[in-house]
Amino acid sequence: SNIVTIEVTDCHGNVAFMNAQVLVVDTFKPVVRTKQNINVLLNSNGFVQLVINQIDSCSVDNCGIASRTLSRTYFDCSNLGLNQVTYTLTDLFGNSSQVVVDVTVLDQIAPNASALSGLVAHLDNQGYVQLSAASMIQVGDNCQIDSLIPNSFTFGCSDVSTLSSPVLRTVRVTDLSGNSTLVNVPVAILDTIRPVVIPNNRTLYLNSSGQVNISSSLLVSASDNCC
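If you're wondering where the values come from, they're calculated on a predicted model, not measured in any experiment. (Residues numbered from 1 in each chain as written. Predicted model: local features only at pLDDT ≥ 70, side-chain atom pairs only at ≥ 80, totals over all residues. Heavy atoms only, no water.)

Caption draft 1: Seen up close, the nonpolar core. Counting residues in each nonpolar core, the largest one holds 19 residues, and the members touching the most others are M136, I137, F155, V171, V185, V187 and I189. Looking at this core, the elements with two or more residues in it are β10 (119–122), β11 (129–132), β14 (152–155), β15 (167–175) and β16 (180–190). Here this core takes four residues from β16, the largest share from any one element. Among residues more than four places away in sequence, those in contact with V171 are A133, I137, L148, I149, P150, F153, T181, L182, V183 and V185. (Core = buried A, V, L, I, M, F, W, Y, C linked by side-chain atoms within 4.5 Å. Buried < 20%, exposed > 50% of the residue type's maximum accessible area, 1.4 Å probe, protein only. Helix = DSSP H or I, 4+ residues; strand = E, 2+ residues; numbered from the N terminus. Contact = heavy atoms within 4.5 Å.)

Listed below in structure tokens is the structure:
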């Protein structure tokens, strides 16, 4: 509201004054300008905070902008992909404008994975042992692990080794966004199962020289899980 004093003069020079009340109203809404193709990256803890500067691109108003708000600013692993955010501008006199902005949440951090130390596996009585990849490594990710490839390994007699000279296997760890890490895992494969020996009772006859020759294979039958 504004007071305006009006002076009125007639043709004989007589003057009169009157105060008039003038109400000035601003009905012009802010002009919202936003950036395109807005991508935000999750951090190592699996979340990201959206700020106005990532959205606004020189929005204007004829008198002045009082507030800028976003319908949401916090995103985590559950929001991966396309999200719609409403950007609202309100000027000094209560006029407001809104724009819906597409915000794509991305995870570009590869899983944190490492081999467990001192891995030892023992062959069974068939000469094999199977280990799951999950039992061979320790993994972490800012979101969620999707797969371990291969999922398991089978070791046999040809893999028998020692802690000082283990066999190596490689595991690919992939998260839900397709980020992956390769882990080389050393494993000592041990064969600690003794041979199985079965005696073969035989009657031996001495020759004319008082001797007899016989191979050990005739006296015992033996088997082993490897050799």
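Caption draft 2: Expanded view of the sheet that holds strand β7 (residues 81–91). Strand order across the open sheet formed by four strands is β3-β8-β7-β5, with mixed pairing between neighbours. In this open sheet, the two edge strands, each paired with only one partner strand, are β3 (38–41) and β5 (65–70). Adjacent strand axes in the sheet meet at a mean angle of 30 degrees when their direction is disregarded. Looking at chain direction, β5 and β7 are connected through five bridges and run antiparallel. If you follow S67 over to β7, its bridge partner there is T90. (Pairing = 2+ DSSP bridges. Axes fitted to C-alpha atoms, helices over the stretch in contact; angles between N-to-C directions.)

Caption draft 3: Quick look at the pattern of salt bridges. All told, the structure shown has two salt bridges when counted by the stated rule. Here R68 makes a salt bridge to D56, at a shortest N to O gap of 3.2 Å. Placement of R68 in strand β5 and of D56 in the loop between β4 (47–49) and β5 is noted, with a sequence separation of 12 residues between them. For R68, a relative accessible area of 35% translates into the label partly exposed. By relative accessible area, D56 is classed as buried at 13%. Two residues, R169 and D159, come together in a salt bridge whose shortest N-O distance is 3.2 Å. Taken together, the residues span a long stretch of sequence, with R169 in strand β15 and D159 in the loop between β14 and β15 at a distance of 10 residues. A relative accessible area of 13% means that D159 is categorised as buried. (Salt bridge = Lys/Arg side-chain N within 4 Å of Asp/Glu carboxyl O.)

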